[in-house]
Amino acid sequence: MVELMKVFDPYHIGKGWTAYADHWLRAAKVSVGLAWTSLIAMVHAFIPFFMTDFVGLYVKKLHHDLNLCKCKK
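This structure is a prediction, so every number in the text was calculated from the model and none was measured.

Draft legend 1. Local environment of the packing of helix H1 (residues 17-46) against helix H2 (residues 54-67). H2 packs onto H1 with a crossing angle of 160 degrees between their chain directions and a minimal axis gap of 10 Å. Here H1 lies roughly antiparallel to H2, going by the angle between them. Our pair here, H1 against H2, has a crossing hand that is left-handed. Here H1 contributes Arg26, Lys29, Val30, Gly33, Leu34, Trp36, Thr37, Ile40 and Ala41 to the contact with H2, which in turn contributes Phe54, Val55, Tyr58, Leu62, Asp65 and Leu66. Per-class residue counts for the contact of H1 with H2 are 10 nonpolar, two polar and three charged.

As structure tokens, then:
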């Protein structure tokens, strides 16, 4: 069964600026990490012997980190 993506969820994070700031920081770290990893993957596509394990290791780290998400589901 395919799970539908929520576009808007007002209860996604807790109330208050601290919860918002924590969520923003975590989302920023994930997005910067993904952008950096995609750049390395593009370079690796042209130079296959460059950083051969980086993308796979980052995806494993990201999977581990997101499984620990404290966001409400």
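Having put the structure on the table, let's press on.
Draft legend 2. Spotlight on unusual backbone geometry. The phi angle at methionine 51 is positive, at roughly 50 degrees, despite the residue not being glycine. Locating methionine 51 in the fold gives a position in the loop between H1 and H2. A residue is classified by how much of its surface remains accessible, and methionine 51, at 34% relative accessible area, is partly exposed.

Draft legend 3. Fine view of H1. With 30 residues, H1 extends 44 Å between its outermost C-alpha atoms, agreeing within 8% with the 44 Å of an ideal straight helix rising 1.5 Å per residue. Those residues of H1 lying buried are Ala28, Gly33, Thr37 and Ile40. Looking at the buried residues of H1, the elements they touch are H2.

Reading guide: rules and limits
Residues numbered from 1 in each chain as written. Predicted model: local features only at pLDDT ≥ 70, side-chain atom pairs only at ≥ 80, totals over all residues. Heavy atoms only, no water. Axes fitted to C-alpha atoms, helices over the stretch in contact; angles between N-to-C directions. Helix = DSSP H or I, 4+ residues; strand = E, 2+ residues; numbered from the N terminus. Parallel < 35°, antiparallel > 145°, perpendicular 65-115°, else oblique. Left-handed = near helix turned anticlockwise from the far one by under 90°. Contact = heavy atoms within 4.5 Å. Nonpolar A, V, L, I, M, F, W, Y, C, P; charged D, E, K, R; others polar. Buried < 20%, exposed > 50% of the residue type's maximum accessible area, 1.4 Å probe, protein only. Expected span 1.5 Å × (residues − 1).

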